[in-house]
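Residues per chain are reported as follows:
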Amino acid sequence: MADTKYIFVTGGVSSSLGKGIIAASLAKLLQARGYRVTIQKLDPYINVDPGTLNPYEHGECYVTDDGAETDLDLGHYERFLNVKTSQANNVTTGRIYQSVIEKERRGEFLGKTVQVVPHITNEIKERIQILGNSGDYDIVLTEIGGTVGDIESLPYIEAVRQLKWELGDDNALVIHLTLIPFLSAAGELKTKPTQHSVKTLMESGIKADILVCRTEHDLNVDLREKLALFCNVRKEAVIQSIDASTIYDVPNLMLEEGLDTITLQKLKLPDDTEPVLTRWNEFLRRHKNPKAEVRIGLIGKYVELQDSYKSILEAFIHAGAENEVRVKVEPIHSEFISQKVIDTKVSKMDALLVAPGFGERGIEGKIRAVQYAREHKIPFLGICLGMQMAVIEYARNVVKLDKANSTEMQADTEIPVIDLMEEQKDITHKGGTMRLGSWDCELAPDSIVSRVYGTNQISERHRHRYEFNNAYKQQLEEAGMRITGTNPKTNLAEIIELPDHPWFVGVQYHPEYKSTVASPHPLFVAFVAAAVKYSQSGSSDNMAPQ
Ligand code: GLN
């Protein structure tokens, strides 16, 4: 057990400082030195997982291969490390309590009073060590959600204190991320909030080993020395994290600051290797030197909140770099797609993506955008709900089934071209009951997708309850729509294409979850390439199908 080293990342002063990015960046540097690394997020809220949370509350819900609905930070971990995460990588207070209460009901505590310490803290410690004990990793980074001093975080901080004490200082390390605000009136960076937050951590019995300081201005030597002295860390352990133009710069910034070196020294691990970041830096070079720009309309109902479509936005960054173009994503609110919005915005795009989503709000706007893409031969990608809307649009406007709808939007629709999956019909619990995680899909030969993937067997991640209704398959196919991807076991339609359109693809799954820096998703890469072609020709009529 002591072979695995543990790094805990806590946050102070303010939320949204980017603990996930710091954790992912450090993990990247350690991985680039040859260590096997994984990252875990502990979330102090009482929801069992974020699956039931509104995107306005929590941003995107990220889905892992094994079907866990998780925090969007896990997306950053996968995108940075190119290593799969799983259910074990995201733990919430809800899940901890659920498990402890189930154990209590089974009589596992042998009549003892069940308490926060030791029962809840033991459960937290177990969850942290599951990854370490797997033998798959040399180093496990655990990010503690929330801000030090929050009531909700206390059991986690206590669990970290105990673990650090049990494992010893050579095997466990605490990195505390704080904010150094700049007071423009005084023209000064202020260390006091950081001092207070380190003190709060101390009150819980934890001494921070490394301070990572978010700042808008460079920290000079005096300030670093002051922070070191007052916060009880070595001077080299005061790491500046200055605002970056892209999150993908953060690993290199942390490398310059020596975060990986000081981490390895403290964990008594060899630090004489150089991180190999060739692929990463090649991606950065392409990302920062685009040869052209394409504008892609992102049609969704949560577009005002960037975090709602995090993985889609990041997948465009990866695919843009791969194509050496800048992808300018233009958010278009699906609830307000009027003729004016079509004329002034939708029609100006080089490609249109209709986003995933739930419920009725904004769907007519999505359908209108699909229609525009189809009729004007603009490259189109529909994801999950976006694919379902493409089916409804085709049924209504091409097959002339005017009343076609999804039973999600209209339970008693006469023409349910999208319907609740059979296995969903008796489900009443909302949490964790969708069709989740990786499912196989077989691709039709001579389709866009089989060319794009370069294989006929794929596996992609899902999160849905409704599906293409095969009762309408023949009618839709006779009218020209092609089902080019199906689940081999259930025959569920996974992908639709329109052969008389240069690039029109709808997918029931979420390709965005699997796009990483080292492995940009082929569907996004091809979609961006189609947008490039469209922008160059002025219309996709001249585009040779790829
Ligand atoms: N609401 C749709 C369903 O449940 C689509 C879900 C999604 O876009 N993730 O099937």
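Residues numbered from 1 in each chain as written. Predicted model: local features only at pLDDT ≥ 70, side-chain atom pairs only at ≥ 80, totals over all residues. Heavy atoms only, no water.

Asks: Explanation requested: the overall build of the protein in the structure shown.
Replies: Counting secondary structure elements, the protein contains 18 helices and 23 strands. At 25 Å, the protein has a C-alpha radius of gyration in line with the 24 Å of a compact globule built from 546 residues. Considering the protein as a whole, with its 546 residues, one finds that 59% of them fall into the buried category. Restricting the contact set of the protein to residue pairs at least 6 apart, pairs at least 24 apart contribute 73%. Carbon and sulfur atoms provide 49% of the accessible area of the protein, an area that totals close to 22,400 Å². Each charge class in the protein can be summarised by its mean position, and for the 61 positive and 76 negative side chains these summaries are 2 Å apart. (Helix = DSSP H or I, 4+ residues; strand = E, 2+ residues; numbered from the N terminus. Rg over C-alpha atoms; globule rule 2.2 N^0.38 Å. Buried < 20%, exposed > 50% of the residue type's maximum accessible area, 1.4 Å probe, protein only. Contact = heavy atoms within 4.5 Å. Areas by Shrake-Rupley, 256 points an atom, 1.4 Å probe, with all protein chains shown as cover. Lys, Arg positive; Asp, Glu negative; His and termini not counted. Charge placed at Lys NZ, Arg CZ, Asp CG, Glu CD.)

Asks: Explanation requested: the sheet that holds strand S17 (residues 415–420) in the structure shown.
Replies: Spatial ordering of the open sheet is given by S16-S17-S20, a layout of three strands whose pairing is mixed. Edge positions in the sheet fall to strand S16 (404–406) and strand S20 (466–468), since each has one partner strand and no second. Averaged over all pairs of adjacent strands, the angle between their axes in this sheet comes to 30°, without regard to strand direction. The sheet contact formed by S16 and S17 spans three bridges and is parallel. Across the sheet, Asn405 pairs through a bridge with Pro416, a residue of S17. (Pairing = 2+ DSSP bridges. Axes fitted to C-alpha atoms, helices over the stretch in contact; angles between N-to-C directions.)

Asks: Explain helix H6 (residues 154–167) to me, please; I cannot follow it from the model alone.
Replies: Count 3.6 residues to each turn of an α-helix, and residues three or four apart come out pointing the same way. Here H6 is 14 residues long and its end C-alpha atoms lie 20 Å apart, about the 20 Å a rise of 1.5 Å per residue gives. Within H6, ten of the 14 residues are buried, which leaves the element mostly enclosed by the surrounding structure. Among all positions of H6, only Pro155, Tyr156, Ile157, Glu158, Ala159, Val160, Gln162, Leu163, Lys164 and Leu167 are buried. Once H6 ends, the next one or two residues include Gly168, with phi positive near 90°. (Expected span 1.5 Å × (residues − 1).)

Asks: Can you help me understand helix H3 (residues 73–81) in this one?
Replies: Where burial is concerned, most of H3 is hidden: nine out of the nine residues are buried. Buried residues of H3: Asp73, Leu74, Gly75, His76, Tyr77, Glu78, Arg79, Phe80 and Leu81, and no others. Positive phi appears at Asn82, one or two residues downstream of H3, with a value of about 60°.

Asks: Mind showing me how you'd approach the site of the ligand here?
Replies: Around the ligand lies a shell formed by Pro356, Gly357, Phe358, Cys384, Leu385, Gln388, Glu408, Arg463, His464, Arg465, Tyr466 and His510. Glu408 has a polar side-chain atom sitting 2.7 Å from a nitrogen atom of the ligand. Between an oxygen atom of the ligand and a main-chain N or O atom of Arg465, the distance comes to 3.0 Å. In isolation the ligand exposes 300 Å². Once the protein is present, 99% of that is buried. Contributing elements (two or more residues each) for the shell around the ligand: helix H15 (385–397) and strand S19 (457–464). Tallied by class, the residues present in the shell around the ligand amount to five nonpolar, four polar and three charged. (Near = heavy atom within 4 Å. Polar contact = N/O pair within 3.5 Å; in protein donor to acceptor, adjacent residues only side chain to side chain. Nonpolar A, V, L, I, M, F, W, Y, C, P; charged D, E, K, R; others polar.)

Asks: I'm lost on the packing of helix H11 (residues 278–288) against helix H12 (residues 310–323) in this one. Help?
Replies: Packed helices, taken two at a time, are described by the angle between their axes plus the distance between the axes. For the pair H11 and H12, the least separation of the axes is 8 Å and the interaxial angle reads 80°. Taken together, H11 and H12 sit at an angle that is classed as roughly perpendicular. For the pair H11 and H12, the contacting residues are Arg279, Phe283, Arg286 and His287 in the first and Ile317, His318, Ala321 and Glu322 in the second. Of the residues contributing to the contact of H11 with H12, the split by class is three nonpolar, two polar and three charged. (Parallel < 35°, antiparallel > 145°, perpendicular 65-115°, else oblique.)

Asks: Help me understand the side chain of Asp419, please; the structure alone is not making it clear to me.
Replies: In this structure, Asp419 sits in strand S17. Of the buried charged residues, Asp419 lacks a salt bridge, with Lys425 as the closest side chain of opposite charge at 4.2 Å. Setting aside residues no more than four positions away along its own chain, Asp419 makes contact with Thr407, Lys425, Arg465, Tyr466, Glu467 and Asn469. (Salt bridge = Lys/Arg side-chain N within 4 Å of Asp/Glu carboxyl O.)

Asks: Please explain the side chain of Thr484 as it appears in this structure.
Replies: Tracing the chain through its elements places Thr484 in strand S21 (residues 482–486). Within the structure, Thr484 has its side chain in polar contact with the side chain of Glu497 (distance 3.0 Å). Setting aside chain neighbours within four positions, we find Thr484 in contact with Glu442, Leu443, Ala444, Ser447, Val449, Ile495, Ile496 and Glu497.

Asks: Whenever I open this one, unusual backbone geometry confuses me. Can you help?
Replies: Glycine aside, a negative phi is what most residues show, and trans is what most peptide bonds show. The amide bond that connects Val117 to the next residue, Pro118, takes the cis arrangement and shows omega of 15°. Tracing the sequence through the fold places Pro118 in helix H5 (residues 116–133). The phi dihedral of Ser16 is positive, around 60°, even though this residue is not glycine. Locating Ser16 in the fold gives a position in the loop between strand S1 (5–11) and helix H1 (19–32). Positive phi outside glycine occurs at Lys377, with the angle close to 55°. Structurally, the position occupied by Lys377 is in the loop between helix H14 (363–375) and strand S15 (380–383). A residue is classified by how much of its surface remains accessible, and Lys377, at 24% relative accessible area, is partly exposed.

All quantities given are derived from atomic positions and should not be read as evidence of function.
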